[in-house]
Amino acid sequence: MVDFEITPNRPDCLAMVGMAREASATFKKPFTYPDTDIKDENGKGETKDYVSVDIKNPESCKRYVARIVTDVKVEQSPWWLQKRLMYAGMRPINNIVDVTNFVMLEYGQPIHAFDINSVEGRRIVVDTAEDGEKFTTLDGTERTLDDKMLMIHDAEKSIAVAGVMGGLNSEIENDTRTIIVESANFLGNSVRTTAKRLGLRTEASSRYEKGIDPNLCRDAADRVCYLIELIGAGTVVGGRVDVYPTPEEPRTVRGRVSRINKVLGIEISREQMVSYFESLEMQVAGNGDDMYVTPPTVRQDIEMEEDLIEEVARLYGYDKLPVTIPKGNNEASQSYERDVKDLARDTMCALGANEIQTYSFVSPKGVDNIRIDEDSWERAFVRILNPLGEDTSVMRTVLTPAMLEVMGRNYSRNREAVRAFEIGNTFMVNLLDEKELPTESDAMSIGFYGDGEDFFTLKGAIVEMLGKLGIHDL
């Protein structure tokens, strides 16, 4: 078994087809797409005779493909299908739902199926919800909607939260005989906002949030119908309703052979680079130093020359790239303030102290431990708008409470002696105008305890450190 961590810029790899495409390029092995060739479309009439689709919000729904399956037999899925879903961490439900989930795992394109008898007027309308509308999702929970949430409606009511979850009022039942297969593309920001407001994140929404290629919709819908036919779960009706207001076109990105080699510190030929791109199903045009690379629309992360450089680097092999020192035009320099901090730090380390680093987020009760007056400026805290808890709800104004906490923790763990120091930032609200940015200052805290440590050893360390900084005769 191989585990992958997919970065947010590669939603195409949240699917078996995407991973197979990558494996094919990496290992230089052929790759065959899943079969979508439906053998018998024997259902009566055409899909357009059964359902119509109207997209009211084309900015949030780029494409909507609908297909019809009749003579549906809702039953348990074949074992091979159930087993593959369970391996992917999904629970088998019934043959229709299992097929839609399986295709989502294959293509990365979420699919939903409606019982056509639950769709009033046989109309699919993509539009926003009414503010305050109540809607019960497939998990049986009633949810309150607002007018920013994209919904799937029929002629009278809402039947699904677009890109998130279907409604209980149109789910597939044991007596369902005709279904509408939905394969749609919803805007990632719209789905993300809706899922967050509803507190409902699903396998479908997690894919839509990152962006899905709208050109997947048709193939995914055909694949669902192919599998339903394959397992004998229904009869596919010919044709489809495909509403695609603004088709997604491939973008072409210019890359230069010389710059790719320069950035990566290697010398490989144009032909080798072209072979890398073509193995990823990218088309390459141009001649000489210029390459005009057109990736498939599923690769939405390819936007500039730097993206092409990354593709060459990973297929060439990061482990093969030479290790070199970065080149710079200017001699490195450091600020005076940094020099002072470094000198203070080096001096304390030479005196046997360890440097510590504590959180800038603290509890407002911390200053009580050092007996700060109620009206003191040390209580003028900058408060965090979304704190994780009371103990991290304000920004520190002094470092001393954190030093005491560190010393106490070490003492409770039987550390016989500790010398520690911290150089860090403190924060205080602007007392003249609280709307202005807070004041941020550097501060230093030193703490000693142990046998032989007293006021005078601490004083001696401070005098020595300040002497190194040129401050004498205290």
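Residues numbered from 1 in each chain as written. Predicted model: local features only at pLDDT ≥ 70, side-chain atom pairs only at ≥ 80, totals over all residues. Heavy atoms only, no water.

1. Here's the deal with the pairing of strand β10 (residues 179-186)
For β10, the buried fraction is high: eight of the eight residues fall into the buried class. Neither face of β10 is exposed, since Ile179, Val181, Ser183 and Asn185 on one face and Ile180, Glu182, Ala184 and Phe186 on the opposite face are all buried. In this sheet, β10 lies alongside strand β2 (residues 61-70) in antiparallel orientation, the contact comprising eight bridges. In the sheet register, Val69 faces β10, and the bridge partner there is Ile179. Sheet topology places strand β3 (residues 112-115) next to β10; four bridges connect them, and they run antiparallel. The residue bridging Asp115 from the neighbouring strand is Ile179, located in β10. (Buried < 20%, exposed > 50% of the residue type's maximum accessible area, 1.4 Å probe, protein only. Helix = DSSP H or I, 4+ residues; strand = E, 2+ residues; numbered from the N terminus. Pairing = 2+ DSSP bridges.)

2. Quick word on the nonpolar core
Counting 68 residues, the largest nonpolar core has Tyr64, Ile96, Phe114, Ile124, Ile152, Ile179 and Phe186 as its most contacted members. Counting residues per element, this core draws most heavily on helix α3 (residues 95-107), at seven residues. Membership of the second largest hydrophobic core comes to 23 residues, among which are Val257, Leu264, Tyr276 and Met282. (Core = buried A, V, L, I, M, F, W, Y, C linked by side-chain atoms within 4.5 Å.)

3. Examining the side chain of Arg63
Along the chain, Arg63 turns up in strand β2. At 3.1 Å, the side chain of Arg63 and the backbone oxygen of Pro214 are in polar contact. Beyond its immediate sequence surroundings of up to four residues, Arg63 is in contact with Ile55, Ala184, Asn185, Pro214, Asn215, Cys217, Arg218, Asp242, Val243 and Tyr244. (Polar contact = N/O pair within 3.5 Å; in protein donor to acceptor, adjacent residues only side chain to side chain. Contact = heavy atoms within 4.5 Å.)

4. A closer look at the pairing of strand β13 (residues 253-256)
Covered by surrounding structure in β13 are Val253 and Gly255 only, the residues Arg254 and Arg256 on the alternate face being uncovered. Examined bridge by bridge, β13 and strand β15 (residues 290-294) share four bridges and lie antiparallel to one another. Considered in β15, the bridge of Gly255 is made with Met291.

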